[in-house]
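Survey of secondary and tertiary structure
Here is how the chains run, residue by residue.
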Amino acid sequence: MNKRFYITTAIDYVNGQPHLGHAYEKVVTDVIARSRRSLGEEVFFLTGLDEHGQKVQQAAQAEGKSPQVYCDQLAADWQAFAKKLELTNDDFVRTTQARHKEIVQAGLAKVFSAGQIYKRTYEGFYSTREETFLTDKDRLPDGTFDPSYGEVIKLKEENYFFKLGEQQQWLIEYLEKNPSFVQPDYRRNEVLGFLKNNTLEDLCISRPAARLNWGIPLPFDKDYVTYVWFDALVNYISIPASHGDATVTGVLHSTLHTPHSALSLWPANIHVIGKDIVKFHAVYWPIMLKAMGLPLPKQILVHGWWQKDGAKISKSTGNIVDPVAVIDEWGLDAFRFYVLRELDIGPDGNWTDAGFKSRYQAELANGLGNLINRSLSMLKRYRGGVVPARHDELAANAAKAADETRALLKQNQLQSALQSIWGLVTRANQYVDQTAPFKLAKDPVQAERLDEVLYNLTETCRVLAVLLQPFLPGTAVKIYAQLGLAGAPDKFSDASWGGLPARHKIGDPAPLFPRKDA
Ligand code: MSP
């Protein structure tokens, strides 16, 4: 059994509806998953929901529902959202599932018996809104706490803590020896800076059930539930365990998997996450895994945050982008294209409606859409839709785009890959203008030249469909259908020049990105 290329997103808090930030992370992960499949790897793509905690408990109460009913209803919306984005996820985790809870408890039991979890009294400040303990270090210069913490109370409470203190040094060394563990580099440097300049405080991993009961009970003390991160992060291994992954089940026994369908998944190849949760993934998670006796993930790939019109996305101020509304108006691939082309994985991005429309018109409608439509329409008009004999005038351009795209996809450089693909789109549009097939068609002496030009254009459209498939899957399939080709352009190796045989008959051209001139 081959180990699969295992890629995950963060799991979203179930309270509220999905927004641009959630959509972006999922689309990025989907493109990486699709591109690896196209490049011939077996992939397992996991996304899902983080359903426990005080906020969920309170929101459910406010609506007069049980937390489980509340989660079930919202989970249906989030699953519909994954479909709307046409994600190719292989599973969808919900942290309220028995298969997840079992592994959280097995992990806690293991770490507890290794002496890495202990109980102590905490006395200090506590933010109920953020469900978190605060120290003097969290105070602002004027002595108050940031308003985002809401009401901060004094609290004295016994809780369980996970020992982190002794773990700092090996993690620093690990990060130094494995530069690709956290990417981009500047995020890795931030983590290293944090580890070198701070002493890790032990992590509180419980809440008393009397105060918060919407959580997974600690296996060694039923009066407590697991606090969010020891629950949420474990989804990355609980789902492999539920698929019989031997690396995880060898350490954490699972009774809930079906052995005949065992998959080999762990360690994950990539955890895709946003910049706000780097510490949990690059510091706490490796330490938790080591304590459980499991190998570390290969890479934590950190993306930036989206703003809209230069300001924070926020429901309360109404500064939001509703991905579903954008998709309904402009189409899924236009949405996927804009977020991937506009923002590289790493820096922060800024959504503007004007920027979206301008990329739609220039790059999709006038660029790609126009190329495909005029190329296929001319083949139809001048040659009855029948492909002429092979000719290689654009072969080198296509090969360059394919080689660059392959290399860039392997490094998760999605934005640069799109730039390279658009290099081919631009070249081919230029080629139409330079060779002017509409003029050649008027001169019978130029019939052979017209055949050559039409072959180059039609074959370029086919290569583009293959290169674009991970990014714009619906468009790629439409291009293939218009070319009269069966199946999906989902094998990268099909991007080599010359795939269209002479005398093949194409289908009917139709605009891919209708112009919207409003
Ligand atoms: N439940 C935790 C993650 C647990 S992972 C084991 C969580 N959930 S979240 O719903 O708040 O965020 C989910 C993901 O969405 C995170 O990776 C976060 O960075 C990302 N984003 C949330 N808002 C975002 C933007 N405005 N822009 C881009 N991504 C953002 O954290």
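Residues numbered from 1 in each chain as written. Predicted model: local features only at pLDDT ≥ 70, side-chain atom pairs only at ≥ 80, totals over all residues. Heavy atoms only, no water.

Quick look at the overall build of the protein chain now. A count of helices and strands for the protein chain gives 18 helices and 17 strands. Compactness check: the protein chain gives a C-alpha radius of gyration of 26 Å against a globular reference of 24 Å for 518 residues, within 12% of the reference. When the 518 residues of the protein chain are sorted by exposure, 55% land in the buried category. Roughly 21300 Å² of accessible area belongs to the protein chain as shown, and the carbon and sulfur atoms make up 50% of that amount. Between the centroid of the 59 positive side chains of the protein chain and the centroid of its 60 negative side chains there is a distance of 3 Å. (Helix = DSSP H or I, 4+ residues; strand = E, 2+ residues; numbered from the N terminus. Rg over C-alpha atoms; globule rule 2.2 N^0.38 Å. Buried < 20%, exposed > 50% of the residue type's maximum accessible area, 1.4 Å probe, protein only. Areas by Shrake-Rupley, 256 points an atom, 1.4 Å probe, with all protein chains shown as cover. Lys, Arg positive; Asp, Glu negative; His and termini not counted. Charge placed at Lys NZ, Arg CZ, Asp CG, Glu CD.)

Before going further, it helps to examine the sheet that holds strand 17 (residues 349-351). In spatial order, the strands read 16-15-17; together these 3 strands make up an open sheet with mixed pairing. Across the chains shown, the open sheet's two edge strands, defined by having one partner strand only, are strand 16 (311-312) and strand 17. (Pairing = 2+ DSSP bridges.)

Right, let's talk about the sheet that holds strand 5 (residues 117-127) for a bit. Read from one edge to the other, the open sheet built from 4 strands follows the order 6-5-7-9, with strand pairing classed as antiparallel. The sheet terminates laterally at strand 6 (132-134) and strand 9 (203-204), the two strands that pair on one side only. Of the pairings in the sheet, the one linking strand 5 to strand 7 (residues 152-162) comprises 11 bridges and is antiparallel in character. Note that in strand 7 the partner of Ile117 across the bridge is Phe162.

Let's shift gears to the nonpolar core. Buried together is how nonpolar side chains tend to be arranged in soluble globular proteins. Core analysis: the largest hydrophobic core is formed by 89 residues, its most contacted members being Phe335, Val339, Trp351, Trp422 and Phe471. Here the element with the most residues in this core is helix 17 (residues 447-468); it accounts for 12 residues. Setting aside anything within four residues of it in sequence, one finds Trp422 in contact with Phe337, Glu363, Leu364, Leu368, Leu468 and Leu472. Within the second largest apolar cluster, 63 residues are counted, among which are Val111, Val191, Leu195 and Ile300. (Core = buried A, V, L, I, M, F, W, Y, C linked by side-chain atoms within 4.5 Å. Contact = heavy atoms within 4.5 Å.)

Considering the arrangement of structural elements, one finds Ser35 in helix 1 (residues 20-38). Judged by its relative accessible area of 0%, Ser35 is buried. Between the C-alpha atom of Ser35 and that of His504, which follows or precedes it by 469 residues, the distance is 28 Å. Apart from residues lying up to four places away in sequence, Ser35 is in contact with Leu409 and Pro470. Side-chain polar atoms of Ser35 contact the backbone oxygen of Ile32, separated by 2.9 Å. (Polar contact = N/O pair within 3.5 Å; in protein donor to acceptor, adjacent residues only side chain to side chain.)

Moving on, we get to unusual backbone geometry. Both trends apply: most residues other than glycine have a negative phi, and most peptide bonds are in trans. For the bond running from Gln183 to Pro184, omega is -5°, close enough to zero to count as cis. Locating Pro184 in the fold gives a position in the loop between strand 8 (182-183) and helix 6 (185-197). Positive phi values are uncommon outside glycine, yet Glu86 reaches one of about 50°. Along the polypeptide, Glu86 turns up in the loop between helix 3 (67-84) and strand 4 (91-94). For Glu86, a relative accessible area of 40% translates into the label partly exposed. At Ala436, a position not held by glycine, the phi torsion is positive, near 45°. As for its position among the elements, Ala436 is in the loop between helix 15 (414-435) and helix 16 (437-440). Classification of Ala436 as buried rests on a relative accessible area of 9%.

Keep in mind these values describe shape, not function.
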